Every structure is written in structure tokens, then in C-alpha cells.
Amino acid sequence: MKLARWQWMTAGESHGPGLVGIIDGVPSLVPVTSTLINEDLARRQKGYGRGGRMAIEKDQVEIFGGVRHGKTLGSPVALLVKNRDFANWSESMAPDAGTPDRIVTRPRPGHADLVGGIKYQHRDLRNVLERASARETTMRVALGAVARSFLNELGIGVRGHVISIGDIHVPHQDYTLEEIQETENSPVRVAHKASETAMLSAIDRAKEAGDTLGGTFEIKAFGLPVGLGSYVQWHRRIEGALAQALLSIPAMKAVEVGSGFAQADVPGSAVHDAIWWDKDQGFTRLSNRAGGIEGGITTGMPLVVRVAMKPLSTLLSPLGSFDIDSKEPFLAQVERSDVTAVPAAVVVGEAMVMHVLADAILDKFGGDSLPEIRERIERWDAYGRQY
Ligand SMILES: Cc1cc2nc3c(=O)[nH]c(=O)nc-3n(C[C@H](O)[C@H](O)[C@H](O)COP(=O)(O)O)c2cc1C
Ligand SMILES: C=C(O[C@@H]1CC(C(=O)O)=C[C@@H](OP(=O)(O)O)[C@H]1O)C(=O)O
């Protein structure tokens, strides 16, 4: 795989002391503050259908490196988010000596418990679920807020919204950035009131039945330059990087670009976007079924990706499974779980798209400081308009 220019990683367990993250490759002079990062952390915590854990956590970032007086230095950015719930697990999850109570020997169908136990030779499946948990996505979002600020400074806006929860879908339309931004006020992050009401009662019904719901969401990026990604080598096609990034989010099972799956059902004349030219904007497209990518390269039209999330696997009325020690079948007693996390997953999806775009910008334009990169993009855009 290619060496990313925007390299980032996270560490930390769900009920351990907290989560840490580092990004190497952030240009200097990008505005970054804990207030700005906390905004995205709060957005990820919202959403109707979350369980008891979200009432415990109030995610707040601490910036440990790479930022001074509100601007990045060009050195690695290091972040920390503490787990409030650790206070309730301090003995069981102590990094040094402690008492491993709350041992898990009952793997949940659909979670990482069983395969992780076999793979890492753990007999306490807590050692698996602690890291497989989507708690880790908190740090993806914190680091993603740094990418957001970088992209915003270049005039690129990335926003997502919910398309469906269970079998309730919002009517399809080409949502604008403003319409998507308004979904911040919706408890399920949708832009359509009737769908919102139906989704809220579907979530209530699923909760009563001890069941869970998945759904789909859309992420759009506005203001991208033409030319990110490439067709010249397999790993440089940008939709490949986006699909990998989005499928890496726990519980995501499918990704489509533009009108994606629907393209397979209709002839080419109903799929491809006619090219248009005028002297003000240069080349553009009359429609955007391609979702802003042709030949693995951004076209300058809005980037559109959709993601399908499976229903969560921790069921209050669980499916059958076997205890890994006694080998006896059981129906697990579950303490708490989310009913749906699709509205939260949108914010994680935005973060993953922004990490890919930040890397693609640095790959195409290089540069060490924000002003240098901005100037290069402006020159590139001017070239594009007169091509
Ligand atoms: C924001 C978010 C919250 C989640 N909350 C839960 C949860 O409460 N219970 C659960 O069983 N799974 C939850 N998941 C999904 C599991 O983490 C995921 O299914 C598990 O790690 C196994 O990975 P896989 O589904 O990709 O195979 C959540 C996922 C996300 C993105
Ligand atoms: C903690 C978060 O999500 C968690 C993801 C998750 C899972 O199995 O993935 C299970 C739940 O955690 P717990 O077992 O502590 O109730 C969710 O709350 C979070 O999003 O910050």
C-alpha cells in the first residue's frame, strides 16, 4: 500500500482510561482548538436510540501535541479523550495490577467476541470487545475534526445525513449542503419531518422488542478540486480509499458511490453524466450520478458516498450462542446496548471521508503550510477553469 501523507492511528479500550490518537502530516497554520474538536465529539454523541453509555460520557478532548495558540505547528498532532465510564471499571480495566471481574465467556452473534477470542487466544472475551467496540470511533472523530478544519480552510465542506433507519427511507433527492446542515436539529439526522416521526417510533418499537435497527447514510463533500486520486495504479483510485475507510467503521457492510447499485439496473444513457462547458466555469457535468468521481479521480462535482450499517449485534432478546468454557448453549443476559447508532455513524463516516480527502490533497498538492497548499490549489483551480 502507498505511504499515506496524512497518517493517523488510535489506541485505547472502551472501558479503559481513555483513547489516544496521533496524526502525522498535518500542515502548519491550520486552526485547531479543543472547542472546535469538541463540537464534532458532541455531534457524534447525539442521536435517538443510543443506550445508557452515552448518558455517562461527555467527550472532551485534550490536545497533547502539535498545536500552539490555536494553530498547528506542522509537527504530529496528539489528542486524548478520557472515558468517564472508566471510574466504574477502574479495578477491572486497570492497566497495571487489578482484578479482572466481569469476565465475558458468552460470545454475541455478530460481534467480534468469538473470532477475536480465537485469533488472540483470549479466554476472557472482554479483551476482544474492549477494542472492537465502536467507542474507538470517538478518537477517529476527534482526529477527523483536525482534517475538517484543514479542508474548511481550503473551501471544502463535508457533511452527512441519515437516509434510512430500518425500512423507513427519506425520499431521495439531491440534498444541498444547507439542507444537510439543517439535519443537525433532527434527533435522527434526517432532512424530512414525516420520515423522522416514523423513524422515532420504529426505534421505540425495536427497543420494546429488545431488538436493534441498522440503516443507511450519505456523506457529501462540496468544493473539492478536480484531480484527487488517480486511475494509474489500483490503490490510487479514490473510491477504493473511501470504501476501505468507510467499511473500517464497526458495523458498516456496504458502500456505494453516486447512484451506485442502482446503476446496474439501467442502460448507460440513464447513468452517465453529460459534459458541459462554458467560459466562466470551464468543464462541468449536467448531472452527478457518478458521485463526483470518474476514473478514480474527483471531477469537481460534489462527492457522494452512501453507507449501509447493519443492526447492532448486542440484542436484549439475544440469538442463540454457546459459552466458550462450559460449551453450554445460553441466551445471554445483556446489561445495556444501543438500539440504533446510525445518526452517530454519520459523524464517524464524515471523519473517515475527511481523513481520505486530507491525504488525497497532500498527495496531489504537497506543501508544508496551509498558505502554501492554498496557493497551489488556487493556481490549480485557475488552470482547470481555462483548460
Ligand atoms: C457509533 C456506533 C455505536 C455502536 N454501538 C453498538 C452497541 O451499542 N452494541 C453493539 O452490539 N454494537 C454496536 N456497534 C457495532 C459494533 O461495534 C460492531 O458490530 C462490532 O464491532 C463488530 O464489527 P462488525 O459489525 O463490523 O463485524 C456500534 C457501532 C457504531 C459505529
Ligand atoms: C461507547 C460508545 O459506543 C459503544 C459501542 C459499543 C459497541 O459494542 O460497539 C457498545 C456500547 O458500549 P457499552 O458496552 O459500554 O454500553 C456503546 O455505547 C461510544 O460510541 O462512545
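Residues numbered from 1 in each chain as written. Chains lettered and ligands numbered in written order. Predicted model: local features only at pLDDT ≥ 70, side-chain atom pairs only at ≥ 80, totals over all residues.

Caption draft 1: Highlighting the sheet that holds strand β1 (residues 7-11). The strand order β1-β2-β6-β3 describes an open sheet built from four strands, whose pairing is antiparallel. Looking at strand neighbours, the two that pair on one side only are β1 and β3 (61-65), the edges of this open sheet. If you compare each strand with its neighbour and ignore which way they point, the axes differ by 20° on average. Here strand β2 (residues 18-24) runs beside strand β6 (residues 77-82); their pairing, made up of six bridges, is antiparallel. Residue pairing in the sheet places Ile 23 in a bridge with Val 77 of β6. On the sheet, helix α5 (residues 137-153) packs against β1, β2, β3 and β6 and is oriented at approximately 35° with respect to β2. (Pairing = 2+ DSSP bridges. Helix = DSSP H or I, 4+ residues; strand = E, 2+ residues; numbered from the N terminus. Axes fitted to C-alpha atoms, helices over the stretch in contact; angles between N-to-C directions. Contact = placed C-beta atoms within 7 Å.)

Caption draft 2: Expanded view of the site of ligand 1. In the vicinity of ligand 1 there are 20 residues, among which Ala 134, Pro 250, Thr 314, Asp 338 and Ala 341 approach most closely. When residues of the shell around ligand 1 are assigned to their parent elements, the largest contribution, three residues, is made by helix α9 (residues 342-365). Tallied by class, the residues present in the shell around ligand 1 amount to 11 nonpolar, seven polar and two charged. (Near = placed C-beta within 6 Å. Nonpolar A, V, L, I, M, F, W, Y, C, P; charged D, E, K, R; others polar.)

Caption draft 3: Examining the environment of Gly 74 more closely. Among the structural elements, Gly 74 can be located in the loop between β5 (71-72) and β6. The exposure class assigned to Gly 74 is partly exposed, which follows from the 16 C-beta atoms found within 10 Å. Residues Gly 74 and Pro 27 lie 47 residues apart in sequence; the distance between their C-alpha atoms is 4.8 Å. Residues contacting Gly 74, with those up to four places away along its chain left out, are Pro 27, Ser 28, Asp 368 and Ser 369. (Buried ≥ 20, exposed ≤ 12 C-beta atoms within 10 Å, placed from the backbone.)

Caption draft 4: Quick peek at the nonpolar core. Among the nonpolar cores identified, the biggest contains 82 residues, and Ala 142, Val 146, Ile 165, Val 305, Val 353 and Leu 357 are the most heavily contacted of them. Tallying contributions element by element places α9 first for this core, with 16 residues. Residues contacting Ile 165, with those up to four places away along its chain left out, are Val 188, Met 199, Ala 202, Ile 203, Leu 213, Gly 215, Thr 340 and Val 342. (Core = buried A, V, L, I, M, F, W, Y, C linked by C-beta atoms within 7 Å.)

Caption draft 5: Inspection of the UniProt feature "binding site: NADP(+)" (unreviewed entry) in the chain at higher detail. Feature annotation in UniProt assigns "binding site: NADP(+)" (unreviewed entry) to the following positions: Arg 44 and Arg 50. Considering the arrangement of structural elements, one finds Arg 44 in helix α1 (residues 34-45). Excluding residues within four positions of it along the chain, Arg 44 makes contact with Thr 138, Val 141, Ala 344, Val 347 and Val 348. Following the sequence through the fold, Arg 50 ends up in the loop between α1 and α2 (53-56). Judged by the 18 C-beta atoms lying within 10 Å of it, Arg 50 falls in the partly exposed class. Non-local contacts of Arg 50, meaning those with residues more than four positions away in its chain, are made with Asp 338, Ala 341 and Ala 344. (UniProt positions renumbered as here; feature names shortened; annotations may be inferred.)

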